[in-house]
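# Descriptive analysis of the structure
Given next are the chains, with one letter for each unit.
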Amino acid sequence: MSTLIVESPCRLQGTVNISCAKNAILPIIAATLLTEDRCRLEDIAALEDVKVMIEVVNSLGAETNLDGANTLEITAKKIERNEASYELIRKMRASFLIMGPMLARTGKVKISLPGGCAIGSRPIDLHLKGFAAMGANITLGHGYIEAYADRLKGESIYLDFPSVGATENIMMAAALAEGVTTIENAAEEPEIVDLANFLNKMGARVKGAGTDTIKVEGVRELKGAAHSAIPDRIEAGTFMVAAAATRGDVLIEGVVPEHVKPITAKLKEMGAEVNEYEKSIRVNATERLKSVDIKTMPYPGFPTDMQSPMMTAMCVAKGTSVITETVFENRFMHISELKLMGAKIKVDGRSAIVEGVERLSGAKVRATDLRAGAALIIAGLCSDGPTEISDVYHIDRGYINIEEKMKGLGASIIRV
Ligand code: EPU
């Protein structure tokens, strides 16, 4: 299993290009199951999670072709299996996003329950309530969910929480349902808008994506479409925070500045200079950052996926910062690793109180999840002495070529 060794300290400088968003491309791959025609996804990043999603649609009978230029073609002419196994769902929770498309296309799906994960218990009750409201007959047993529906019926669905996955799953199911589905208190993330755009290219009738009320008028069938997903706002945010925390000067290209507004706002509050251009952002910090308080929230609030990278910046900022995690109940696993590196953090319920230190100290640490891994790379760049990060496979799930991109900015990172 590979390890990343981060030599330090380092001031990041230069230009980095952002890849396509993992959390946009995963539901879009699931959505290709809604049509028997060929779909073409351009400029995708062949991340580990993307490869798992390809494996999932292959296992159901889709034909896929990923060429060297990062173009993925998917043709789900026939759905040969209706079951997504425990092994596939265990590899990646987002595999659960096939439930809506499968139910809508074939009227039948058997799928393993995803179970909890490193960042929380992550129930799927909102997805299931939505499908049940649309007429699906759902049974649970032996760790599997089975669902049947002749044809789903449009309904008015109110989500208790604006869940990203539930909004996407219900939106995809509704695309082929009979009548109009209204999703209220829907998630407003840019990835939802991107999925709606893809569905509409396929011939769906989705309106209101990006607001808290989405209306989907079901159609009889969808056709193939070509699409290029939005840039990864979390990858962009990670480089923005890394630039600021290392007192660097980095131009982040291929980003939608609007999507990273909450990160821009907080970095400015911490004293970094952030300049927005049409499709790029420059982050420049000459002084040590100042402390700041942050609460994670659904979009357009501060993203939970940026909580751990931002916590690293707080660890080396001047003063005491408080970061409160409201989206996931257990997303503080990185704290014990940051403490190994000399961070001063106390946990009080869902809040972490971070007392900044001048510098962290390199240590052997473990990436406990994807974003925690990114936080540790940034911590390594702000330390005295080398940092050795194990369980790097978590990082590879969501960051393409992270060490190459960091090296391009002057960091010394090797994979062993
Ligand atoms: N929730 C429920 N019931 C449900 C669904 C969600 O209670 O039926 C709760 C969850 O337990 C959690 C909260 O609602 O406490 C938010 O979960 P949500 O459904 O919005 O998250 P998700 O769809 O499972 C996506 C991203 C995550 C990101 C979250 C929040 C994908 C593939 N994953 O997960 O990304 O953190 O939205 O923005 O889109 C990551 O990339 O590292 C990552 C974890």
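Reference entry: report on the structure contained in this document. (Residues numbered from 1 in each chain as written. Predicted model: local features only at pLDDT ≥ 70, side-chain atom pairs only at ≥ 80, totals over all residues. Heavy atoms only, no water.)

The immediate surroundings of the ligand are formed by 21 residues, with Asp 125, Leu 126, Ser 163, Asp 305 and Val 327 found nearest. In the model, an oxygen atom of the ligand is placed 2.8 Å from a nitrogen or oxygen of the Val 164 main chain. For the ligand, an oxygen atom lies 2.8 Å from a polar atom in the backbone of Gly 165. Starting from 830 Å² of accessible surface for the ligand in isolation, the protein chains cover 86%. Here the shell around the ligand takes three residues from helix α5 (residues 125-133), the largest share from any one element. Residue contributions to the shell around the ligand reach at least three from each of two domains, namely domain 1 (4-19 + 231-415) and domain 2 (22-228). (Near = heavy atom within 4 Å. Polar contact = N/O pair within 3.5 Å; in protein donor to acceptor, adjacent residues only side chain to side chain. Areas by Shrake-Rupley, 256 points an atom, 1.4 Å probe, with all protein chains shown as cover. Helix = DSSP H or I, 4+ residues; strand = E, 2+ residues; numbered from the N terminus. Domains from an automatic or database assignment.)

On to the pairing of strand β9 (residues 144-148). The pairing of strand β7 (residues 108-112) with β9 spans five bridges and is classified as antiparallel. Pairing of Val 109 across the sheet is with Ala 147, part of β9. Bridge analysis of strand β8 (residues 137-141) against β9 gives five bridges, and the strand direction is antiparallel. Its bridge partner being in β9, Ile 138 is matched across the sheet by Ala 147. (Pairing = 2+ DSSP bridges.)

Let us look at the packing of aromatic side chains. With the rule as written, the count across this model stands at zero aromatic pairs. Over the ring of Tyr 144 we find Lys 110; its NZ or CZ atom is 5.0 Å from the centre of that ring. (Phe/Tyr/Trp six-rings, centres within 6.5 Å; stacked < 30°, edge-to-face > 60°. Lys NZ or Arg CZ within 6 Å of the ring centre and 35° of its normal.)

In this structure, the amide linkage connecting Ser 8 to the following residue, Pro 9, adopts the cis form with an omega of -15°. In this structure, Pro 9 sits in the loop between β1 (4-7) and β2 (13-17). Cis rather than trans, the peptide bond between Tyr 299 and Pro 300 has omega equal to 10°. Structurally, Pro 300 can be placed in the loop between β18 (293-295) and α10 (307-315). Phi at Asn 185 is positive, roughly 55°, even though this residue is not glycine. You can see Asn 185 is positioned in the loop between β11 (180-184) and α7 (190-201). With a relative accessible area of 21%, Asn 185 lands in the partly exposed category. (Buried < 20%, exposed > 50% of the residue type's maximum accessible area, 1.4 Å probe, protein only.)

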